[in-house]
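Letter by letter, the chains look like this.
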Amino acid sequence: RPAPSGGLRAAPAPAALNGPGPADSPGLPSRLSPGRPGPVPPHMEAPPRGPAAQEVEDEPLLLAELKPGRPQQYDWKASCETWSVAFSPDGTWFAWSQGHCIVKLIPWPLEEAELSCKAAERKNRGKADVSGGGGAKEKTLECGQIVWGLAFSAWPPCGAKERDGLLAPGRFCLILATGLNDGQIKVWEVQTGRLLFSLSGHLDVVRDLSFAPNGSLILVSASRDKTLRVWDLSRDGKQVQVLSGHTQWVYCCSISPDCSMLCSAAGEKSAFLWSMRSYTLIRKLEGHQSSVVSCDFSPDSALLVTASYDTCVIMWDPYTGEQLRTLRHVALPPALDYGSDIHTSSLRSVCFSPEGLYLATVADDRLLRIWDLELRTPVAFAPMTNGLCCVYFPHGGFIATGTRDGYVQFWSAPKVLSSLKHLCRKALRTFLTTYQVLALPIPKKMKEFLTYRTF
């Protein structure tokens, strides 16, 4: 039987995914390719949605693909990975680490494709800018080192004074932080492509970056030197804290939307939860059987998810440390497991949807999955080769993924209308901790719902 409307149908990967083609001529810029829907295998049919949200989206599919064009002198296989992709908080820019020390800044929405499944090709030459929505132009940032992490923030924060003539008076703009292979962090003005800061301190690769969502210009960086560092860009990029305790490379960091907590994931079986007020360790979240590689907070800060090479995503209550859900990906049959710590279903990335009811995961089994947290099962699948990262569009409706080949793919995702009770829960949990909810003089079932013990 066909999948219910809104299930992501498995689609044949575009030909571009299979390797370089005629379009990859020297100096050719980004390429857009269309996607096509396809049938869902019987064992991957999407189950019905839960009552917490009402689906309003037509059948999702692969919308577009961005493919880098590299100068001829580069080796196709070396340093071509897209380790990170990011949307600006307002959804007006997309950043793409396309390998070979280059970041593309692309105005959103895509002008030629408009996410309409029509093939289009950017005809600019060399570094020439391409006009996008609202007159903005595509930028190319040459970072000088392999780029691993990306993070956007508004600049300057509301009410801040202009500083040092870095920006034109009265301008509101966006900045992009890039984490580099040599341990540096470079911070750029998005609208002009101008370098604002070079932050030094890490001794190895800066693997991930996270800005405080409140616009305070606090930046946290995660590195292979086994530390996290906290920077204050409002104080000329001053390093304000070094967080130590991990014994392996730190892969990921995420600041909670209420800016009270920081989660970090390293090549260890536990994730660390830190206070963003005192910069001290709150607790270790233990439950995975292999390295934790990705983490993300829900939009109301009430939930935290961690993804691991053990093929599982665990959903936590960050205030109590309690495990609330375990989402298991298909593991290797025992006969085929040769004792390796990494399996074909090892997780690479996890992220929450903007309304907080769905998760997207990328795994080594070449599948993008969308999970309904109430049902605890995937409700949508998409085939992708060599996936490394995923991120939801801030306003929902689709997901961007990056691959080892340097490509970016855009997938439509179930777009939902949250139920009134979930909206109320989300509003309350933005300022109430789990302990504060449990102390309220309300029925037990209501407490269970507000603390996500039930949906």
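Parameters at a glance
- Residues numbered from 1 in each chain as written.
- Predicted model: local features only at pLDDT ≥ 70, side-chain atom pairs only at ≥ 80, totals over all residues.
- Heavy atoms only, no water.
- Helix = DSSP H or I, 4+ residues; strand = E, 2+ residues; numbered from the N terminus.
- Contact = heavy atoms within 4.5 Å.
- Buried < 20%, exposed > 50% of the residue type's maximum accessible area, 1.4 Å probe, protein only.
- Polar contact = N/O pair within 3.5 Å; in protein donor to acceptor, adjacent residues only side chain to side chain.
- UniProt positions renumbered as here; feature names shortened; annotations may be inferred.
- Salt bridge = Lys/Arg side-chain N within 4 Å of Asp/Glu carboxyl O.
- Phe/Tyr/Trp six-rings, centres within 6.5 Å; stacked < 30°, edge-to-face > 60°.
- Lys NZ or Arg CZ within 6 Å of the ring centre and 35° of its normal.
- Pairing = 2+ DSSP bridges.
- Axes fitted to C-alpha atoms, helices over the stretch in contact; angles between N-to-C directions.

**Overview of unusual backbone geometry**
Here comes step 1: For the peptide bond that leads from Trp108 to Pro109, omega is 5 degrees, which places it in the cis range.
Here comes step 2: We note that Asn386 has phi near 60 degrees; this positive angle belongs to a residue other than glycine.
Here comes step 3: Looking at where Asn386 falls in the secondary structure, it is placed in the loop between strand S28 (377-383) and strand S29 (387-392).

**Some points on the environment of Val437**
Here comes step 1: Within the secondary structure layout, Val437 lies in helix H2 (residues 434-438).
Here comes step 2: Taking the C-alpha atoms as reference points, Val437 and Thr451, separated by 14 residues in sequence, lie 7.3 Å from one another.
Here comes step 3: For Val437, the residues in contact, after removing those within four places along its chain, are Arg429, Leu432, Lys447, Leu450 and Thr451.

**Comments concerning the side chain of Arg229**
Here comes step 1: Within the element layout of this structure, Arg229 appears in strand S15 (residues 228-232).
Here comes step 2: A relative accessible area of 11% places Arg229 in the buried class.
Here comes step 3: Among the polar contacts listed, one links the side chain of Arg229 to the backbone oxygen of Gly201, at a separation of 3.4 Å.
Here comes step 4: Among the polar contacts listed, one links the side chain of Arg229 to the side chain of His202, at a separation of 3.2 Å.
Here comes step 5: Aside from chain neighbours lying at most four places away, what touches Arg229 is Gly201, His202, Leu219, Val220, Ser221, Gln239, Gln241 and Val242.

**Remarks on the UniProt feature "repeat: WD" (unreviewed entry) in the protein chain**
Here comes step 1: As recorded in UniProt, the feature "repeat: WD" (unreviewed entry) lies at residues 176-198, 199-234, 243-284, 285-326 and 340-374.
Here comes step 2: The annotated region residues 176-198 carries 0% helix and 65% strand content, and the separation between its end C-alpha atoms amounts to 12 Å.
Here comes step 3: Counted over residues 199-234, helix gives 0% and strand 50%. Its end C-alpha atoms are 13 Å apart.

**Focus on the pattern of salt bridges**
Here comes step 1: Counted by the stated rule, this structure contains eight salt bridges.
Here comes step 2: Residue Arg348 pairs with Asp364 through a salt bridge whose shortest N-O separation is 2.9 Å. Here Arg348, found in strand S25 (residues 347-352), pairs with Asp364, found in the loop between strand S26 (358-363) and strand S27 (367-372); they are 16 residues apart in sequence, far enough to count as distant.
Here comes step 3: A relative accessible area of 28% means that Asp364 is categorised as partly exposed.
Here comes step 4: Within the structure, one salt-bridge network assembled from shared partners comprises Asp317, Glu322 and Arg453.

**Details of the packing of aromatic side chains**
Two descriptors summarise a pair of aromatic rings, namely the distance from one centre to the other and the angle between the planes of the rings.
Here comes step 1: Evaluated as defined, the whole model comprises 14 aromatic pairs.
Here comes step 2: Ring centres 4.4 Å apart and planes at 20 degrees place the aromatic pair Trp83 and Trp148 in the stacked group. On the criterion of sequence distance, the pair formed by Trp83 in the loop between strand S3 (62-67) and strand S4 (85-87) and Trp148 in strand S9 (residues 147-155) is long-range, its members being 65 residues apart. Like Trp83, the residue Trp148 is buried in the burial classification.
Here comes step 3: Ring pairs connect the aromatic residues Phe87, Phe94, Trp108, Phe393, Phe398 and Phe410, which therefore count as one cluster.
Here comes step 4: Residue placement shows Arg224 over the ring face of Trp249; its charged tip is 4.0 Å from the ring centre.
Here comes step 5: The ring of Phe455 carries the charged tip of Arg425 above its face, separated from the ring centre by 5.2 Å.

**Structural notes on the sheet that holds S28**
Across a sheet, strands are paired by hydrogen bonds formed along the backbone, either parallel or antiparallel in direction.
Here comes step 1: If you walk across this open sheet you meet the four strands as S25-S26-S27-S28, and the pairing is antiparallel. Both outer strands of the open sheet, S25 and S28, are each paired with one neighbouring strand and no more. Averaged over neighbouring strand pairs, the angle between their axes works out to 20 degrees when direction is ignored.
Here comes step 2: In this sheet, S26 lies alongside S25 in antiparallel orientation, the contact comprising five bridges. Across the sheet, Leu347 pairs through a bridge with Ala363, a residue of S26.

**What to know about the UniProt feature "domain: SOCS box" (unreviewed entry) in the protein chain**
Here comes step 1: Per the UniProt entry, the sites bearing "domain: SOCS box" (unreviewed entry) are residues 419-455 in this numbering.
Here comes step 2: The annotated region residues 419-455 carries 59% helix and 0% strand content, and the separation between its end C-alpha atoms amounts to 11 Å.

**Considering the sheet that holds strand S23 (residues 312-317)**
Here comes step 1: The four strands lie next to each other as S21-S22-S23-S24, forming an open sheet whose pairing is antiparallel. At either margin of the open sheet sits one strand with a lone partner, and together these are strand S21 (292-297) and strand S24 (322-328). With strand direction ignored, the average angle separating the axes of adjacent strands in the sheet is 20 degrees.
Here comes step 2: Pairing between strand S22 (residues 304-308) and S23: four bridges, direction antiparallel. By the bridge assignment for S23, Thr306 is matched with Ile314.

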